[in-house]
Amino acid sequence: PQLANQIAAGEVVERPASVVKELVENSLDAGADQIDIDIDKGGSKLIRVRDNGSGIAEQELVLALSRHATSKITNLTDLEAITSLGFRGEALASISSVSRLTLTSRTAEQDAAWQANAEGRDMQVTVKPAAHPVGTSIEVLDLFFNTPARRKFLRTDKTEFGHIDELIKRLALSRYDVSWQLNHNGQTVRRLKAATTDEQRHKRVAALCGRAFAEQAAFIENQYGEVKIWGWLVHPAACSASLQCQYSYVNGRMMRDKLLNHAIRQAYGDSLTAEQQPAFVLYLELDPHQVDVNVHPAKHEVRFHQARLVHDFVVSALSDALRQLQS
Ligand code: ADP
Ligand code: MG
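Below is a summary of the structure that appears in this document. Source: prediction; values computed, not measured.

## Remarks on the sheet that holds strand β13 (residues 280-285)
Across the sheet, five strands lie side by side as β9-β10-β13-β11-β12; this open sheet has mixed pairing. The open sheet has two edge strands, β9 (218-224) and β12 (253-255), and neither has a second partner. Each strand of the sheet is rotated relative to its neighbour by a mean of 20°, with strand direction disregarded. Sheet analysis places strand β11 (residues 246-250) next to β13, joined by five bridges and oriented parallel. In the sheet register, Tyr-249 faces β13, and the bridge partner there is Tyr-283. Together, β11 and β12 form the strand contacts of helix α7 (residues 157-172), whose direction differs from that of β11 by roughly 55°.

Structure follows, in structure tokens:
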């Protein structure tokens, strides 16, 4: 089974940032509103994600590390309206097959925490008592230590950390209600307090997308039936190379969706010069039954059931907004 895990790891775990993504998504699925991430050496030495979520019960620790063990889908109809981020039940098994993984967790019902260790290919999981507040810490040491070919593909610490930082940025823009802290080699790189008011959200956008973006961008909001779009948008006249900020989300998931990007470009039309890029942070929200998120394992693409309708709504909502910004 460990070979199968390592093969699956090839799909799920491309680089340290993919490990961080899986761990943080698990924390979000567990209802955490405080997530601290420690990285050493671009993640090749250490990735630690600590959350204050629901925790994992002692008797479920070993199961959490086994393949296709997910607590998030209990029947087939669930598959059709996935709202949690993880649902394949293979991330932890995959990651632990290519690293030295320690899982420490405590649920509110338990008065003590438990820790499970798993290492490499012949992973023997051992469970012992530990100290930890309610929530979960997952520590991933020496990523790819047993798959040297993959380890060779890692770039410099700086590049790998850059991917992690970009990921946290994207996630922090999708969950304003969560406090985030990101440390690299013992230094705090980002510290974001939970944002609940419009002003606090705007402050977070400024911290993540830059002051210039936050000053130029206008808040927009539009709804058609059950489809809604909101976020921040910069007028073409103010779009400059220094405003590099293009983030879009579908039902809270970060996306690089072709249809959505196409619609955004179309709304900007030919008002941008060749050097200009649209600048936006946009959130599309619709009935989860109207989207398939299970299209690609990296989960960056979705399939809209009513693609035409969604596309045209986005074009018209954003065109309207841009026209209003002009006048
Ligand atoms: P998936 O997220 O697809 O269910 P994973 O391999 O990522 O699969 O995680 C396996 C299981 O371990 C999850 O279904 C969940 O029950 C548990 N789990 C993992 N991380 C956490 C966490 N941070 N907090 C609570 N439970 C967790
Ligand atoms: Mg998961």
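## What to know about the nonpolar core
With 87 residues, the main nonpolar core has Trp-180, Phe-213, Val-281 and Leu-284 as its most contacted residues. No other element matches helix α11 (residues 307-326), which puts eight residues into this core. Setting aside chain neighbours within four positions, we find Leu-284 in contact with Val-227, Lys-228, Ile-229, Tyr-249, Val-250, Asn-251, Leu-260, Phe-304, Val-310, Phe-313 and Val-314.

## Quick word on the sheet that holds strand β4 (residues 113-119)
Taken together, the eight strands give an open sheet; going across it, the order is β5-β4-β3-β6-β2-β1-β7-β8, and neighbouring strands pair in mixed fashion. For this open sheet the edge positions go to β5 (126-130) and β8 (187-192), each flanked by a neighbour on one side alone. Between one strand axis and the next, the sheet turns through 15° on average, direction left out of account. Here strand β7 (residues 179-184) pairs with β8 via five bridges, running antiparallel. Within β8, the residue paired with Leu-182 across the bridge is Arg-190. Of the strands in this sheet, β1 (34-40), β2 (46-51), β6 (135-141) and β7 are in contact with helix α2 (residues 16-29), which crosses β2 at around 10°. Across the sheet, α7 lies against β1, β7 and β8, angled at about 175° from β7, the strand it touches most.

## Description of the pattern of salt bridges
The final tally for this structure, using the stated rule, is 13 salt bridges. The partner of Glu-160 in a salt bridge is Arg-15, and the shortest N-O contact between them spans 2.9 Å. Of the two residues, Glu-160 sits in helix α7 while Arg-15 sits in the loop between α1 (2-12) and α2, which places them 145 residues apart along the sequence. Neither residue differs from the other here; Glu-160 and Arg-15 are each classed as buried. A salt bridge links Asp-38 to Arg-48; the shortest N-O distance between them is 3.0 Å. Taken together, the residues Asp-38 in strand β1 and Arg-48 in strand β2 connect sequence positions 10 residues apart. With relative accessibility at 26%, the residue Arg-48 sits in the partly exposed group. Salt bridges sharing common partners tie together Asp-38, Arg-48 and Glu-139.

## Notes on the side chain of Ser-27
Checked against the element boundaries, Ser-27 lands in helix α2. Not counting chain neighbours up to four residues away, the residues in contact with Ser-27 comprise Ala-32, Ile-35, Val-49 and Asp-51.

## Details of unusual backbone geometry
Notably, Asn-185 is not glycine yet its phi reads approximately 50°, a positive angle. On the secondary structure map, Asn-185 appears in the loop between β7 and β8. Here the phi dihedral of Asn-251 falls at roughly 45°; this positive angle occurs in a residue that is not glycine. Counting through the fold element by element, Asn-251 comes out in the loop between β11 and β12. For Asn-251, a relative accessible area of 30% corresponds to the partly exposed category.

## Some remarks on the packing of aromatic side chains
In this structure the tally under the stated criterion is eight aromatic pairs. Each ring, one from Tyr-224 and one from Phe-313, has its centre 6.4 Å from the other, and the planes form 25°; the classification is stacked. Residue Tyr-224 is found in strand β9, and its partner Phe-313 is found in helix α11; the two are separated by 89 residues along the sequence. With relative accessibility at 6%, the residue Phe-313 sits in the buried group. Seen in terms of ring centroids, Trp-230 and Trp-232 are 6.1 Å apart; in terms of plane orientation they differ by 65°. Their pairing is edge-to-face. The residues Trp-230 and Trp-232 share a single accessibility class, namely buried. Here a set of aromatic residues connected by ring pairs shows up, and it is made of Tyr-176, Phe-219, Trp-230, Trp-232, Tyr-249 and Tyr-283.

The rules behind each value
- Residues numbered from 1 in each chain as written.
- Chains lettered and ligands numbered in written order.
- Predicted model: local features only at pLDDT ≥ 70, side-chain atom pairs only at ≥ 80, totals over all residues.
- Heavy atoms only, no water.
- Pairing = 2+ DSSP bridges.
- Helix = DSSP H or I, 4+ residues; strand = E, 2+ residues; numbered from the N terminus.
- Axes fitted to C-alpha atoms, helices over the stretch in contact; angles between N-to-C directions.
- Contact = heavy atoms within 4.5 Å.
- Core = buried A, V, L, I, M, F, W, Y, C linked by side-chain atoms within 4.5 Å.
- Buried < 20%, exposed > 50% of the residue type's maximum accessible area, 1.4 Å probe, protein only.
- Salt bridge = Lys/Arg side-chain N within 4 Å of Asp/Glu carboxyl O.
- Phe/Tyr/Trp six-rings, centres within 6.5 Å; stacked < 30°, edge-to-face > 60°.

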